[in-house]
Amino acid sequence: MTTSTDVDAREVLAGRLVDGLTGAMETFGVYLGVELGLYRALNDLGEATEAEVADHAGVNPRYAREWLEQQAVAGYLACDDPSLPAAQRRYRLPDGHAEVLVDADSPWYVAPLALTLAGAARVLPQLVQAYRGGGGVPYADYGREMREGIAAANRPMFLHELASSWLPAMPDLDRRLGSAPAQVLDLGCGLGASSVALARAYPRATILGVDLDIASVAQAQAAAAEAGVADRVTFVVGDATRLASEATFDLVTIFEALHDMSDPVGALRAARERLAEEGSVLVADERVADTFTAPGDATERLMYGWSILHCLPASLAEDPVQANGTVLRAPTLARWATEAGFTDIEVLAIHNPFWRFYRLRG
């Protein structure tokens, strides 16, 4: 016998799945807008017809029409008079939308997250095989979209917050980096945005960025050269647990990378061994709850989504000691830090909706 409660539960879940499908398809529409330069075309033109957008972006006019209509229906774009014939309609970015979709320096620039979804979609058949066999999916297989999407989404935080709030939350370290020549090690540096931001914030500092991904290191080197800091910022391909450098560092940073490392305790131990006297390790990782609860809030849902599609499979591809996944809870990080030999583990009072910041010393 079917009760009204059972019917309601089916309706709710079925509706949620349809809504999720709609959201996913709209996010892929954002991916097309970013990759094809369609948003940038509208930003440059101010207001445009389908033909003008197609010409400016270099895409087929029929595709331009469908994409513009879809984006207007979804509310990402505005169409000033939908009643006009299709060829005469003019489209524009509503107020505020350019910062989210076009402005790479804005704190609101989250359009690159659509690239990461495309990167995950690229490896879905590999994920099916990995789940069945217990293997992993190498980070490189997620392609340029994942690499560049993560970097572009995080870059505004490094640009606006690293020197204004993150490091000033440790006043003694902030003074140390600003007052004398200092050495900084940036582990899991990705495309180098954090390393470049450190160099700009502290002109007397020298930064070494280390990452396992060859393509990321190459792009990081280009980014440092473009920013004019290549004389103080060096990038190398390397394993965080086996650092080639014999130098000591005043600061070691690990920004949203510890949970991805196959041996996080080993990485923390290696970082501790390279600290100069009174040096510190700064870890930023996911701001999740201290314990597992179900159902979870929006942040937990987001982080577990990342974990099942990317972070866990990528770490399992590295013959891991740990296979933590995205959801790195504070007690787990504290345990790892203690096992690595740290005696002072401080959660810093830094506001960020997605990251929690830890200072490790001792």
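Residues numbered from 1 in each chain as written. Predicted model: local features only at pLDDT ≥ 70, side-chain atom pairs only at ≥ 80, totals over all residues. Heavy atoms only, no water.

J.: Can you help me understand the packing of aromatic side chains in this one?
T.: Note on aromatic pairs: each is described by the distance of the centres and the angle between the planes. Under the definition given, this model contains nine aromatic pairs. For the pair Phe158 and Trp355, a centre-to-centre distance of 6.1 Å together with 55° between the ring planes defines the contact as tilted. Linking Phe158 in helix H8 (residues 143–160) with Trp355 in strand E9 (residues 355–361), this pair joins segments that are 197 residues apart in sequence. Owing to a relative accessible area of 8%, Phe158 belongs among the buried residues under this scheme. With relative accessibility at 2%, the residue Trp355 sits in the buried group. Ring pairs connect the aromatic residues Phe158, Trp166, Phe255, Trp355 and Phe357, which therefore count as one cluster. (Phe/Tyr/Trp six-rings, centres within 6.5 Å; stacked < 30°, edge-to-face > 60°. Helix = DSSP H or I, 4+ residues; strand = E, 2+ residues; numbered from the N terminus. Buried < 20%, exposed > 50% of the residue type's maximum accessible area, 1.4 Å probe, protein only.)

J.: Please clarify how unusual backbone geometry should be interpreted in this entry.
T.: Backbone geometry follows two general trends: most residues other than glycine have a negative phi, and most peptide bonds adopt the trans configuration. Omega for the bond connecting Ala294 with Pro295 falls within 30 degrees of zero, at 0°, which places this linkage in the cis form. Secondary-structure assignment places Pro295 in the loop between strand E7 (275–286) and helix H14 (298–316). Positive phi is not limited to glycine here, since Glu256 has a value of about 50°. Among the secondary structure elements, Glu256 is positioned in the loop between strand E6 (249–255) and helix H13 (264–273). The backbone phi angle of Asp319 is positive, close to 50°, even though this residue is not glycine. When you line up the elements, Asp319 lands in the loop between H14 and helix H15 (330–339).

J.: Before we go on, may I ask you to explain the sheet that holds strand E3 (residues 182–187) in this structure?
T.: Backbone hydrogen bonds are what pair the strands of a sheet, in a parallel or an antiparallel way. Taken in spatial order, the seven strands of this open sheet run E5-E4-E3-E6-E7-E9-E8, and their pairing is mixed. Edge positions in the open sheet fall to strand E5 (233–237) and strand E8 (344–347), since each of these has one partner strand only. Pairs of neighbouring strands in the sheet enclose a mean axial angle of 20°, with direction left out of account. The sheet contact formed by E7 and E9 spans six bridges and is antiparallel. Paired with Val283 across the strands is Tyr358, a residue of E9. Together, E3, strand E4 (205–211), E5 and E6 form the strand contacts of helix H11 (residues 193–201), whose direction differs from that of E4 by roughly 175°. Contacting E7, E8 and E9, H15 crosses the sheet at an angle of about 20° to E9. (Pairing = 2+ DSSP bridges. Axes fitted to C-alpha atoms, helices over the stretch in contact; angles between N-to-C directions. Contact = heavy atoms within 4.5 Å.)

J.: What should I look at first to understand the side chain of Thr326 in this one?
T.: Topologically, Thr326 is positioned in the loop between H14 and H15. What Thr326 contacts, discounting residues up to four positions off in sequence, is His259, Asp285, Glu286, Met303, Trp306, Ser307 and Cys311.

J.: How do you make sense of the packing of helix H3 (residues 50–57) against helix H4 (residues 61–74) when you look at a structure like this?
T.: Two measures define how a pair of helices packs: the angle their axes make with one another and the distance between the axes. For the pair H3 and H4, the least separation of the axes is 9 Å and the interaxial angle reads 115°. You can see that H3 and H4 cross each other, and the crossing is right-handed. Residue-level contacts link Glu50, Val53 and Ala54 of H3 to Pro61, Ala64, Arg65 and Leu68 of H4. Of the residues contributing to the contact of H3 with H4, the split by class is five nonpolar, no polar and two charged. (Left-handed = near helix turned anticlockwise from the far one by under 90°. Nonpolar A, V, L, I, M, F, W, Y, C, P; charged D, E, K, R; others polar.)

J.: Looking at this model, I keep getting lost on the nonpolar core. Mind explaining?
T.: As a rule of thumb, nonpolar side chains are buried together in soluble globular proteins. Within the largest apolar cluster, 32 residues are counted, with the highest numbers of intra-cluster contacts made by Trp166 and Leu167. Counting residues per element, this core draws most heavily on H11, which supplies four residues. In contact with Trp166, not counting residues within four places along its chain, are Met157, Phe158, Glu161, Phe255, Ile350, Asn352, Trp355 and Phe357. (Core = buried A, V, L, I, M, F, W, Y, C linked by side-chain atoms within 4.5 Å.)

J.: Mind showing me how you'd approach the packing of H8 against H11 here?
T.: Close contact between H8 and H11 brings their axes to 9 Å; oriented N to C, the two are set at 15°. When the interaxial angle is binned, H8 and H11 end up roughly parallel. Read as a crossing pair, H8 and H11 show a hand that is right-handed. Note on element contacts: H11 touches H8 through Ala193, Ser194, Ala197 and Arg200, opposite Arg155, Phe158 and Leu159. Of the residues assigned to the contact of H8 with H11, the class counts are four nonpolar, one polar and two charged. (Parallel < 35°, antiparallel > 145°, perpendicular 65-115°, else oblique.)

J.: I'm lost on the environment of Phe249 in this one. Help?
T.: On the secondary structure map, Phe249 appears in strand E6. A relative accessible area of 3% means that Phe249 is categorised as buried. Between the C-alpha atom of Phe249 and that of Arg147, which follows or precedes it by 102 residues, the distance is 27 Å. Beyond its immediate stretch of four places on either side in the chain, Phe249 contacts Gln183, Val184, Leu185, Leu208, Arg274, Leu275, Ala276 and Gly279.

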